[in-house]
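Overview (structure and organization)
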Amino acid sequence: PSCPPWPLPSSCSLAPRRLLSRPPGAGARGHYRDGTMPAKILDGKALADRYRDEIAERVRQVRARGGQVRLDAVLVASGDNAARVYADNQKRTAEALGIAYKLHEIHAPEGGQVGYEDIAGRILLLNTQEDVTAVMLHMPLPEGVAAYSIQRLIAPEKDEGRDWSTRRPAAK
C-alpha cells in the first residue's frame, strides 16, 4: 500500500490504530508542550507475529478467490553473500506465509559482467508472464547500473510494493 509518510492517517492499512493515539496533554504531533515526546515500548516479536498472521490471512483470501500469490525475485549473482542470505531468508518467510517464491539469479557470462540489458531483459520478460504476480529486484546491482532505471521497468500491477489483496487473479 502506498501511504503518505509518518504520521500515517488511520485510513492507511499500515497504520495500527493503537499506535496513533496521543497521550493526554500531547499536542498534534504527539509532543508535550515542553518539547519532550512520550516513549512507548513496543513488543517487536508480537507485532511481527501479528503482521505475519494478517499477511497469511490475506494470502488465503486471495487464493480462495481463485488467485495466486507468487513473488519472483531477481538477484544478480555478484558474490555478495549478504544479498544471497537475504534472498534465502525471504524465500523461507514467503513460503511460511503461503506465498510461492521463485528466485531468478542472473550470472555473468564467462569473462564478462552483468549489465543493464541483462537485468532489464529479465524484468521485461517477467512482466509478460501471466503467472508472475509480483516482481522484486534485489540490491546491490552491478556498478554502472542505476537501480531506479531498472525498478521503473517493473509493471505497476506486478510491483511487489503494491497491495496483493486488491490484485486480480492471474489467468489459469
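Up top you'll find the structure we're talking about.
Moving on, we come to the sheet that holds strand 1 (residues 70–76). Strand order in the open sheet formed by 3 strands is 2-1-3, with parallel pairing between adjacent strands. Each having just a single partner strand, strand 2 (100–106) and strand 3 (134–137) make up the two edges of the open sheet. Each strand of the sheet is rotated relative to its neighbour by a mean of 20°, with strand direction disregarded. Here strand 1 runs beside strand 3; their pairing, made up of 4 bridges, is parallel. Its bridge partner lying in strand 3, L71 is registered against A134. Its contacts with the sheet put helix 3 (residues 81–96) on strand 1, strand 2 and strand 3, and the angle it makes with strand 2 is roughly 160°.

Within strand 1, 7 of the 7 residues are buried, which leaves the element mostly enclosed by the surrounding structure. Neither face of strand 1 is exposed, since R70, D72, V74 and V76 on one face and L71, A73 and L75 on the opposite face are all buried. Handedness of the strand 1-helix 3-strand 2 crossover: right-handed.

What follows concerns the pattern of salt bridges. Inspection of every chain in the model, using the stated rule, returns 8 salt bridges. In this structure, the salt-bridge partner of K45 is D49, at a minimum N-O distance of 3.1 Å. Note that K45 and D49 are positioned in helix 2 (residues 44–64) at a spacing of 4 residues, about one turn of the helix. Under the relative-accessibility criterion, K45 is labelled exposed at 59%. Put simply, D131 and R70 hold a salt bridge, and the shortest N to O gap is 2.9 Å. Note that D131 is positioned in the loop between helix 4 (116–128) and strand 3 and R70 in strand 1, a separation of 61 residues in sequence. Using a relative accessible area of 34% as the deciding quantity, one classes D131 as partly exposed. Residue R70 is classed as buried on the basis of its relative accessible area of 14%.

All right, on to the pairing of strand 2 then. Across 7 bridges, the pairing between strand 1 and strand 2 is parallel. Looking across to strand 2, one finds that V74 is bridged to H104.

Here the focus is the side chain of D72. Position of D72 relative to the elements: it lies in strand 1. Judged by its relative accessible area of 0%, D72 falls in the buried class. Here R70 takes part through its side chain, which lies 2.6 Å from a polar atom of the side chain of D72. Not counting chain neighbours up to four residues away, the residues in contact with D72 comprise K102, H104, L126, V132, A134, V135 and M136.

Basis of the calculations
Residues numbered from 1 in each chain as written. Predicted model: local features only at pLDDT ≥ 70, side-chain atom pairs only at ≥ 80, totals over all residues. Heavy atoms only, no water. Pairing = 2+ DSSP bridges. Helix = DSSP H or I, 4+ residues; strand = E, 2+ residues; numbered from the N terminus. Axes fitted to C-alpha atoms, helices over the stretch in contact; angles between N-to-C directions. Contact = heavy atoms within 4.5 Å. Buried < 20%, exposed > 50% of the residue type's maximum accessible area, 1.4 Å probe, protein only. Right-handed = clockwise from strand over helix to strand, strands pointing away. Salt bridge = Lys/Arg side-chain N within 4 Å of Asp/Glu carboxyl O. Polar contact = N/O pair within 3.5 Å; in protein donor to acceptor, adjacent residues only side chain to side chain.

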